[in-house]
Structure formats: structure tokens, C-alpha cells
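# Examination of the molecular architecture
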Amino acid sequence: MQKRGEIVSATNTKSKVTIADIAAIAGVSTPTVSKVINGRPGVSDTTREHVLNILNEYRYISPITRNEQHTGIIELLISHPHSAWADEILVGTLAGLEGSGFTPAVNSCPPVEWSFDPWIDSAVRHGASGAMICLANIPENSIARLRKANIEVMLVDPTGVVPPDVSMIGSSDYQGANDATRHLVNLGHKRIAFLKGPDEWRTCRARFNGFRSMMEEAGLPIDPDLVTGNIYYYEDGYEYGKQLFAMTNPPTAVFASSDMQAAGLYQAAREAGLSIPQDVSIVGFDDLPYVNFLNPQLTTVHHAIHDMAKMGAHSLVEHINGKKGLTRIDLLTHLVVRDSTAPPRER
């Protein structure tokens, strides 16, 4: 039976070693090995990976086991923290963790390229049991670091490609966008603009592909000047909306990739002297609670953000407790038709 503080090589040869011995094998200092074991910063990615590989190769067992370090913490990382989308994620997560005995530790990251290492170092120091990453593109090497620290991982509405062995809760973005475009086509619209999000996000690409597929099915051309936008924010919808509505031949309908963009379109349309939906129809995506305050009420794709977070948190707890394996789910979207769409006015 292996004792604590021992390492066992790949050939099962036992030897009593210290952290200093591990440092000698790795060719680094003893403080460096200590930082890696305890998840502290101040170590390069290359060195950290090298030391971890050696520890794993020899099946190193710390004097303090992972079970003793666990604190019942779920690390919740949210991109776009100052948004209605983030509010839905937080409320859904709390609902999913209710009665589980786990507590979320909430952090945020910007919607741009970002180093996950300091956050992972903190999660390891806290003895986190799990990590739920929302609307972010976390690199595979960062997922590997979390797993090496015995931290279960759940991705919610991920923006990047998800490895096949990583649990995720997403949604049917392609179908949602296809249904929204079909609605506009069936109303008689032919000149339809599309406000997109970041091209590198898988969700944005899926929504644009759903739009494009329906336009092609309907035999309608896609005017490149009508495909615009940059990010899922109010300001984006407002600025690009002003450009669209100032065209000599403006669109009769605009499909926005987010409700926040759609809200910006409302303001741009009013400033241009356009009535919704008499002069221009607008469709959003998300069905966030605040759209109930838009006038007229917004036709949008229901994107179950709250349910994704709730299911993700609940599934993550089941993973931690050994009751569930890999989770890969795309929740269905559906179109909610309200008052912001109508047949185009004769020009």
C-alpha cells in the first residue's frame, strides 16, 4: 500500500522523496515545485506543465489529499459581467446549486483574449470542487490544468470549440436563427439585414449560418452591406442601426444576434424617424427579461440562458458526487412572436 509522501514511478518502483527530490528531477527550484503543487502564480505555463507531468508520471500524493482540500466551492466564471445575460446566468446557477451544499465563487472575464491562469491558480488555492465557465472560450490547456487539480469542469454556452470529452450545456443557435429568418421571409421581407457578433465565436457563426441557410432556401440574395455588427451590446445595435437606416435603400427588417443589439436598433430607428414595425421589423435573440420593457414588445428567439445555467450547475454537482458522467446537451430554442414584426410597407 502506497504511503503519503511517496512517489511511484511508471515502473511501480517506490521511493520516499521530498519536494526537493521532485525539483531535482524536473530541473527547477524547490519553491517552483511548491508553487505548482499549491496552484500559486509565478510559474510559466511551460514550467508548470513540465512539473505537473513529472508529478503525474510518478503518481505523487501530497501529504494533504484533494478530498481534505475541497471546500464545497464552485468557481463560476462569467464573461460580459455587466449585462442582463450575466444576471440570468447567476440566477440560474443559484437555482441549480440550491440544496446541494455547494457555494458559487463568482468571477468575471472580459469578452476578449484573456489569461485563465490567475483564475485557475485561485481556484486551486481555494480547493474548488468544480468550475463552471460561461460564454467564454477557454483553451484546452486551461481545462487540462483544472482537471489535473481534480476540479470538475462544465462549460455553459461556450463560444469556442469544445473538446469531445468536456461537459457542456449549449443551445440550438443555428435553428433559432433559421426560424427567426423564416418568420421574416414569410411576412414578405426580402431586404433583410443581419447584425452579427464576433466571428470567432461558435455561437455567432451558428446564428449567421442559420440566417444564411434560410435566405438561400428562400432564394433571397444576401447584400454584404446589410451584414454588419461586431458584439452583442446595445451600443453595437445603435451605431450599426444608424448606418443601416441612413442607407438610400434601407432594409425592411433587421435580425439582431442579441436582444441588447435589438434594443440599440430601437433607438436608432426612432432617431431616423422610423416606426416599428410599420417601417422596419426587428427581431432579437435571447428573450431576456428586460425586453418586456421595449415598446413595441420585441419578437425574439427564446434562448434558455437561465435553464442552461441551472442545468449546468446541477449536472456539475452530480459529476462531483460521482453520480453522472459526460454531459453534452443543446437546449432547444423557439421563436416568440410579439409586436416588433409585420409585413413590409409598400415602397
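Further up the page is the structure itself.
Report follows, based on the coordinates. Just so it is clear, the structure is predicted and the values come from calculations on it, not from any experiment.

## Points about the nonpolar core
W85, I89, M132, C134 and V156 are the most contacted members of the largest nonpolar core, which totals 27 residues. Broken down by secondary-structure element, the contributors of at least two residues to this core are β3 (73–79), α5 (84–97), β5 (130–134), β6 (152–156) and α12 (305–320). Top contributing element to this core by residue count: α12, with six residues. Each residue touching I89, except ones within four places of it in the same chain, is listed here: L76, I78, C134, V156, I305 and A309.

## Points about the sheet that holds strand β12 (residues 299–302)
Strand order across the open sheet formed by six strands is β9-β8-β10-β11-β12-β14, with mixed pairing between neighbours. Pairing within the sheet leaves two strands with one partner each, and these edge strands are β9 (227–228) and β14 (334–336). Examined bridge by bridge, strand β8 (residues 192–195) and β9 share two bridges and lie parallel to one another. Considered in β9, the bridge of F194 is made with V227. Here helix α8 (residues 173–187) sits on the sheet and contacts β8, β10 (253–256), β11 (281–286), β12 and β14; the angle it forms with β11, its principal contact strand, is near 165°. The strands that helix α11 (residues 259–271) touches are β8, β10, β11 and β12; relative to β11, the one it contacts most, it runs at about 155°.

Conventions we followed
Chains are numbered independently. Their residues run from 1 in the order of the written sequence. With pLDDT at 70 or above as the cut-off, local features in this predicted model cover only qualifying residues; side-chain atom pairs require 80 or more to be listed or tallied, and sums for whole chains, interfaces and linings still use all residues. Hydrogens and water are ignored here; the side-chain numbers use all heavy atoms of the structure. In this text, buried Ala, Val, Leu, Ile, Met, Phe, Trp, Tyr and Cys residues form a nonpolar core when linked through side-chain atoms within 4.5 Å. When a residue's accessible area, from a 1.4 Å probe over protein chains only, is under 20% of the maximum for its type it is buried; when over 50% it is exposed; and in between it is partly exposed. Secondary structure counts use DSSP, requiring at least four H or I residues in a row for a helix and at least two E residues in a row for a strand, with both numbered from the N terminus. The contact rule is simple, with two residues in contact once any of their heavy atoms fall within 4.5 Å. Two strands qualify as a pair provided DSSP detects at least 2 bridges between them. Where helices are involved, their axes are fitted lines through C-alpha atoms of the stretch in contact, as for all axes, and angles between N-to-C directions lie from 0 to 180°.

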